[in-house]
Amino acid sequence: MPAPRTIPAVKGFRDVLPEESRRWQALEEAAGQVFGRFGFGEIRLPVLERTELFARSLGETTDIVEKEMYSFADRDETGLTLRPEATAGVVRAYLESGLAQSDPAARLFYRGPMFRRERPQRGRYRQFYQIGAEVLGRDDPLADAELLLMLVRYLAAVGARDTRLELNSVGDRTCRPVYRERLREFGRAHLEGLCADCHRRLERNPLRMLDCKVESCREIMARAPVAAESLCEACRAHLDGVRALLEQEGVTYTMNVRLVRGLDYYCRTAFEVVGAGLGAQNAVGGGGRYDGLVAALGGPDVPGVGFALGLERLAMVAPDAGGEPDGPTAVILPLEPQAVGPALALATRLRDNGLVVGLEPAGRSLKALLRAADRRRARLAVILGEEELRTRRGTVRDLTRHEDRREAFSLDASGAELARSLRTMIGAVE
Ligand code: HAM
């Protein structure tokens, strides 16, 4: 019979191995700490939602809803979708859980996988992870400024390098229609150069032309009027308010009047964190204000503002997060088969006392075992051979200094004493 073939992962879906996972953990822990200081609590959301949640919130004519969602009919025919983003889910939960009544000015953060059927490339996957934060119930510039301040503090805390914050205002219900009309006029004047999708967008949602990926459209749209020129008085004042507070706190940012977001729910503040060395997929994170979204999802007229960072891209701009991994404090090396039981007993006692302990299988030469301990980058090796079992004294070898420390280590001491003496040997006394 032929050997069974291996089964590859689905295209655009990847594994996160322990080394990368360790760095992600550091990024997630830092988020919990920094966001916690700003009063955010974590919300854990399902990855599956009803399709209509996204169709109604992200916009029917966005790339995500038109062609990138993993949608399917459940066995009872309910239309379901693997979430392409989490803001819509946060708003659904805010309404459904009663937070809208009990804590209308909720501050929530989340982390987890999102799914978009985009063309995979470096930094772009079909399953990717986000860390995000949402402030509901606040429409004052202070809410936006505080959120952005938290974002830059977080980026600094994880050692993100070469990133910049870009800011814009995309207007609101009052000035957006004026801008939309200006864009339509511009589009009509350049019709022959625009792709078929943009012809359609021109009538249904001209703002989406700004987001077109086709090169010829991008060239044309680079000359299109910008939202910032059409802002109403209230939007202008809001933007000025956000900027003044950012400047007061010394937050560095650049205004980018061409910044548009790929989702329809934004109004007023829109921003992105751009990574200089990331190539084509250079947005480490993005977000903005979404004052009409809660109402569009059937709730009261509650404003909101938030952001999400892509964890894969964040890990690229913050490569030192998590530091160097530590090897185990000690590796136990049983030389003989009869040392296996005592070796496990010793490892258990040390682990119960908080040490990171490795354990090698018996049956190899001392040299081979020491090589294995070195490979694991252990600080100490505890050798258990016939003689050690007879005298009840372990031989501890300091792998950095290559010294045997036989006298200090009685196998009959308590786990706490053993752990303390190993810690003393490596100079890490608590
Ligand atoms: P977004 O700009 O669509 O916003 O995504 C945020 C971040 O997720 C991006 O900047 C990027 O780092 C990462 N990302 C997006 N797609 C992919 C992909 N295919 N592969 C890898 N990373 C990706 C949102 O999702 C909004 N919900 C953000 C928000 C929160 N706005 C208000 N509140």
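Residues numbered from 1 in each chain as written. Predicted model: local features only at pLDDT ≥ 70, side-chain atom pairs only at ≥ 80, totals over all residues. Heavy atoms only, no water.

## Quick notes on the overall build of the chain
Here comes step 1: Across its full length, the chain holds 16 helices and 16 strands.
Here comes step 2: At 28 Å, the chain has a C-alpha radius of gyration far larger than the 22 Å of a compact globule built from 430 residues.
Here comes step 3: Oriented by its inertia axes, the alpha-carbon framework of the chain measures out at about 90 × 65 × 40 Å.
Here comes step 4: Taking all contacts inside the chain whose residues are at least 6 apart in sequence as the whole, residues at least 24 apart take part in 70%.
Here comes step 5: In the structure as shown, the chain presents an accessible area of about 20,800 Å², 51% of it carried by carbon and sulfur atoms.
Here comes step 6: Both charge centroids of the chain, one from 63 positive and one from 62 negative side chains, sit 4 Å from each other. (Helix = DSSP H or I, 4+ residues; strand = E, 2+ residues; numbered from the N terminus. Rg over C-alpha atoms; globule rule 2.2 N^0.38 Å. Contact = heavy atoms within 4.5 Å. Areas by Shrake-Rupley, 256 points an atom, 1.4 Å probe, with all protein chains shown as cover. Lys, Arg positive; Asp, Glu negative; His and termini not counted. Charge placed at Lys NZ, Arg CZ, Asp CG, Glu CD.)

## A word on the state of the cysteines
Here comes step 1: As enumerated under the stated definition, the model contains 0 disulfides in all.
Here comes step 2: We note that cysteine 198 lacks a disulfide partner, and the nearest cysteine sulfur, in cysteine 212, lies 3.7 Å from it. (Disulfide = S-S within 2.5 Å.)

## Details of the packing of aromatic side chains
Two measures describe an aromatic ring pair: the distance that separates the ring centres and the angle between the ring planes.
Here comes step 1: Considering all chains together, one arrives at 9 aromatic pairs under this definition.
Here comes step 2: With 5.8 Å between their ring centres and 75° between their planes, phenylalanine 13 and tyrosine 70 make a pair best called edge-to-face. Taken together, the residues phenylalanine 13 in the segment before helix H1 (18-37) and tyrosine 70 in strand S3 (residues 70-73) connect sequence positions 57 residues apart.
Here comes step 3: Phenylalanine 13 gets classed as partly exposed once you look at its relative accessible area, which sits at 23%.
Here comes step 4: Where phenylalanine 35 meets phenylalanine 307, the ring centres are 5.9 Å apart and the plane angle is 80°; that geometry is what we call edge-to-face. With phenylalanine 35 in helix H1 and phenylalanine 307 in strand S11 (residues 304-310), this residue pair connects regions lying 272 residues apart in the sequence. For the pair phenylalanine 35 and phenylalanine 307, one class covers both residues: buried. (Phe/Tyr/Trp six-rings, centres within 6.5 Å; stacked < 30°, edge-to-face > 60°. Buried < 20%, exposed > 50% of the residue type's maximum accessible area, 1.4 Å probe, protein only.)

## As for the site of the ligand
Here comes step 1: Contacts to the ligand come from 27 residues, most closely from Glu85, Glu118, Tyr125, Glu134 and Tyr266.
Here comes step 2: Residue arginine 261 places a side-chain N or O atom 2.9 Å away from an oxygen atom belonging to the ligand.
Here comes step 3: In isolation the ligand offers 660 Å² of accessible surface; the protein chains occlude 95% of this area.
Here comes step 4: Residue assignment for the shell around the ligand shows that the elements contributing at least two residues are strand S6 (127-136), strand S10 (283-289) and S11.
Here comes step 5: Here the shell around the ligand is built from residues that sort into 11 nonpolar, 9 polar and 7 charged. (Near = heavy atom within 4 Å. Polar contact = N/O pair within 3.5 Å; in protein donor to acceptor, adjacent residues only side chain to side chain. Nonpolar A, V, L, I, M, F, W, Y, C, P; charged D, E, K, R; others polar.)

## Examining the sheet that holds strand S8 (residues 254-255)
Sheet strands pair by backbone hydrogen bonding; their relative direction is either parallel or antiparallel.
Here comes step 1: Spatially, S1-S5-S6-S11-S10-S9-S7-S8 is the arrangement adopted by the 8 strands of the open sheet, whose pairing is mixed. Strands at the two margins of the open sheet, each flanked by one partner only, are strand S1 (41-42) and S8.
Here comes step 2: As paired strands, S1 and strand S5 (residues 107-115) are joined by 2 bridges and run parallel to one another. Pairing of glycine 41 across the sheet is with leucine 108, part of S5.
Here comes step 3: On the sheet, helix H6 (residues 141-157) packs against S5, S6, strand S7 (163-169), strand S9 (267-275), S10 and S11 and is oriented at approximately 15° with respect to S11. (Pairing = 2+ DSSP bridges. Axes fitted to C-alpha atoms, helices over the stretch in contact; angles between N-to-C directions.)

## Comments concerning the sheet that holds strand S4 (residues 79-82)
Here comes step 1: As summarised here, the arrangement of the 3 strands in space is S2-S4-S3, forming an open sheet in which the pairing is antiparallel. The two strands at the open ends of the sheet, each matched to only one other strand, are strand S2 (48-50) and S3. Recorded for the sheet is a direction-independent mean angle of 30° between the axes of neighbouring strands.

## Overview of unusual backbone geometry
Only a minority of non-glycine residues have a phi that is not negative, and only a minority of peptide bonds are not trans.
Here comes step 1: The residue aspartate 162 is not glycine, and still its phi comes out positive at about 55°.
Here comes step 2: Taking relative accessible area as the criterion, aspartate 162 reaches 59% and is therefore assigned exposed.
Here comes step 3: Of note, arginine 268 is a non-glycine position whose phi angle comes to about 55°, a positive value.
Here comes step 4: Looking at the element boundaries, arginine 268 is found in strand S9.

## Quick notes on helix H10 (residues 233-248)
Here comes step 1: With 16 residues, H10 should cover 22 Å at 1.5 Å per step; its first-to-last C-alpha distance of 22 Å lies within 8% of that length.
Here comes step 2: Three or more residues of H10 are buried, namely Cys235, His238, Leu239, Val242 and Leu246. All buried residues of H10 project into a common sector of 95° when viewed along the axis, lining one side. Within H10, the exposed residues directed more than 90 degrees away from the buried face are Glu233 and Gln248.
Here comes step 3: Looking at the buried residues of H10, the elements they touch are H6, S7, S8, S9 and S10.
Here comes step 4: With its phi angle positive at about 70°, glycine 250 sits one or two positions after the end of H10. (Expected span 1.5 Å × (residues − 1). Arc of directions from axis to C-beta.)

## So, the environment of glycine 394
Here comes step 1: By the element assignment, glycine 394 lies in the loop between helix H15 (386-391) and strand S15 (395-398).
Here comes step 2: Residues glycine 394 and phenylalanine 115, spaced 279 residues apart in sequence, show a C-alpha to C-alpha distance of 53 Å.

## Observations concerning the pattern of salt bridges
Here comes step 1: Under the criterion given, the structure shown has 32 salt bridges.
Here comes step 2: As a salt-bridge pair, glutamate 181 and arginine 184 come within 2.9 Å of each other at their nearest N and O atoms. Pair noted here: glutamate 181 and arginine 184 are both in helix H7 (residues 176-189), with a separation of 3 residues, about one helical turn.
Here comes step 3: Here aspartate 197 makes a salt bridge to arginine 200, at a shortest N to O gap of 3.1 Å. You can see aspartate 197 and its partner arginine 200 sitting in helix H8 (residues 196-204), 3 residues apart, about one turn around the helix.
Here comes step 4: Note on arginine 200: relative accessible area 32%, which makes it partly exposed.
Here comes step 5: Ionic contacts of the salt-bridge type, sharing partners, join the residues Glu28, Glu42, Arg44 and Arg111 into one network. (Salt bridge = Lys/Arg side-chain N within 4 Å of Asp/Glu carboxyl O.)

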